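Listed here are the chains, written in short residue letters.
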Amino acid sequence: MTIVTGKTGARERLRPLLRKIWEHRADYAYVLPAIAVMLIVIAYPIYYTIELSFFNTPPGLQLRDKIFVGVGNYTSILTSPVFWKVTSNTLIWTLASTFIAFVLGFGCALALHRDFVGRGVLRAILIIPWVISAVAASYIWKWIYHSDFGIIGAVLVGLGLADRPPNFIDSVSTVLPSLIVVNIWREFPFAMIMMMAGLQTVPDQLLRAAKVDGANAWQRFWHVTFPHLRNVSTVTILLLAVANFNSFIIPWIMTGGGPSNASHIWITHIYELAFGRQRWGVASAYSVLLFLILMTLGYFYVRALSGNDRKDGSA
C-alpha cells in the first residue's frame, strides 16, 4: 500500500478536479459572463469595503488621499458608547420584530388553516401589509403616529384616554417600540404564508390517528403538527432575522435614527456615517462587522436548507 502525503497528496487530490473542469470547459464558458458580473458588482465592492475599513477618511479629504490607520476604526467603534447604543437598538429591533412577527404569523396561519366562510377574503386582507411598498407604509404610519394630526392620538383624546396626543416617534422612550409595531405589521404576513405552506404538508392520517387515540387539540398540535413544521419554522425565523437585522426603510424614513440615536440601528447608522458625515472608513468598518454577522446567519440558513434537502432525499 502506497501512502501519499504532503504536496504529492495535494496534487493527487487536485488532479481529478482540474480534469473535471477541463472536461466541462464549454459549460463554464456559458456562465463566465454571469461570473464576471458577480465579481464586478459583489466581489469588488466587498474587497474595497474591507480595504477602506483600515483607512481614515476625513470629510475634507479625497478618497485617494486616505490615511492608513490599521485597526484604528474597529478600535474606535468598539470603544464608542454610540456603538453599544446602536447595537442594543439593533438587537431589540431584530429579536422583538422576528419573534412577535413569527408568533403572530403562525397564529394567523393556524386560524386560516381551518375551513370557514370568508377565509379567502380574510387571507387576502392579511397579506396587504406585506405587498404594500415599505416606503408608502412608512409615510402612512408616520402620519398615523403624528403628535398633532395622527389618528391614534386623536382617538385617544376623543375617548378621554389621554389629555393630549402622545409623542410616539418623537420621544426617546417610545420611538423604538413604535417602529417595531410597524415592522411587525409589515412582516407577519410573510411568516403567515410560510407557515400556511408548512401546515399543508402535515399528514391528515397522523392527525386523525392521534384523535382516535384520544389526543386533544393541544397534544395533536405539539406531538404531530409542530414536529412537521420545525424545519419551515427555522427557515422562516432565519429569513426574518436577516431581513430585520438589515432593515433600513422603516426606521430611516420614519425617524432618521432620532431622537438622540434612540431609533438608530446598524444599517441606518452606517448610512448616516457614510453619506451624512462622509466618514467612509468608519462606515466601512461597521459594514464589515455587519457583513460577518449576516454571513453567520446565512450559514445557519444554508445549513437549515441543506438539512431539509437531506431529509427529503432520504424520505
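What comes next is a walk through the structure. Because the structure is predicted, anything quoted here is derived from the model rather than measured.

Observations concerning the overall build of the protein
Scanning the protein from terminus to terminus reveals 13 helices and two strands. Radius of gyration (C-alpha) of the protein: 26 Å, far over the 20 Å computed for a compact globule of 315 residues. Residue burial in the protein is summarised as follows: out of 315 residues, 33% are buried. Put simply, the protein shows about 19200 Å² of open surface, and 67% of that area lies on carbon and sulfur atoms. Across the protein, the mean location of the 25 positive side-chain charges is 6 Å away from that of the 15 negative side-chain charges.

Description of the side chain of S284
Within the fold, S284 resides in helix α13 (residues 280-314). Of the polar contacts made by the side chain of S284, one reaches the backbone oxygen of W280; its length is 2.7 Å. For S284, the contacting residues outside a window of four places in its chain are T49, L52 and S53.

Quick word on helix α10 (residues 217-245)
In a regular helix each residue adds 1.5 Å, so 29 residues correspond to 42 Å; α10 covers only 36 Å between its end C-alpha atoms and thus falls short of that length. Of all the bends in α10, the largest measures some 50° and sits at F226, one to four residues before the proline P227. Structurally, the start of α10 carries an N-cap: the backbone nitrogen of W218 is 3.2 Å from a side-chain oxygen of N216.

Structural notes on the environment of P177
Tracing the backbone through its elements, the reader meets P177 in helix α8 (residues 175-199). Separated by 32 residues in the primary sequence, P177 and Y145 have C-alpha atoms spaced 12 Å apart.

A short note on a nonpolar patch on the surface
A cluster of nonpolar residues, L14, L17, L18, I21, Y28, Y30, V31, L32, I35 and L39, forms a patch on the protein surface that exposes about 990 Å² of accessible area. Looking at the nonpolar patch, the elements with two or more residues in it are α1 (6-23) and α2 (25-52). Structurally, V31 can be placed in helix α2.

So, the pattern of salt bridges
Per the stated rule, a full pass over the model turns up two salt bridges. For D115, the salt bridge goes to R119, with nearest N and O atoms at 3.3 Å. A relative accessible area of 68% means that D115 is categorised as exposed. A salt bridge links E272 to R277; the nearest nitrogen and oxygen atoms lie 3.7 Å apart. A residue is classified by how much of its surface remains accessible, and R277, at 36% relative accessible area, is partly exposed.

Details of the packing of helix α4 (residues 81-112) against α10
The contact between α4 and α10 brings their axes to 10 Å, and the two run at 140°. Put simply, α4 runs oblique to α10. When the axes of α4 and α10 are compared, the crossing they make is right-handed. Every residue of α10 that contacts α4 at T90, W93, T94, S97, T98, F102, F106 and L110 is listed here: F221, F226, L229, S233, T236, I237, L240, A241, N244 and F245.

Conventions and cut-offs
- Residues numbered from 1 in each chain as written.
- Predicted model: local features only at pLDDT ≥ 70, side-chain atom pairs only at ≥ 80, totals over all residues.
- Heavy atoms only, no water.
- Helix = DSSP H or I, 4+ residues; strand = E, 2+ residues; numbered from the N terminus.
- Rg over C-alpha atoms; globule rule 2.2 N^0.38 Å.
- Buried < 20%, exposed > 50% of the residue type's maximum accessible area, 1.4 Å probe, protein only.
- Areas by Shrake-Rupley, 256 points an atom, 1.4 Å probe, with all protein chains shown as cover.
- Lys, Arg positive; Asp, Glu negative; His and termini not counted.
- Charge placed at Lys NZ, Arg CZ, Asp CG, Glu CD.
- Polar contact = N/O pair within 3.5 Å; in protein donor to acceptor, adjacent residues only side chain to side chain.
- Contact = heavy atoms within 4.5 Å.
- Expected span 1.5 Å × (residues − 1).
- Bend = angle between axes of the 7 residues up to and from the residue.
- Patch = residues over 30% accessible without salt bridge, like charges linked within 9 Å, V, L, I, M, F, W, Y side chains within 5 Å.
- Salt bridge = Lys/Arg side-chain N within 4 Å of Asp/Glu carboxyl O.
- Axes fitted to C-alpha atoms, helices over the stretch in contact; angles between N-to-C directions.
- Parallel < 35°, antiparallel > 145°, perpendicular 65-115°, else oblique.
- Left-handed = near helix turned anticlockwise from the far one by under 90°.

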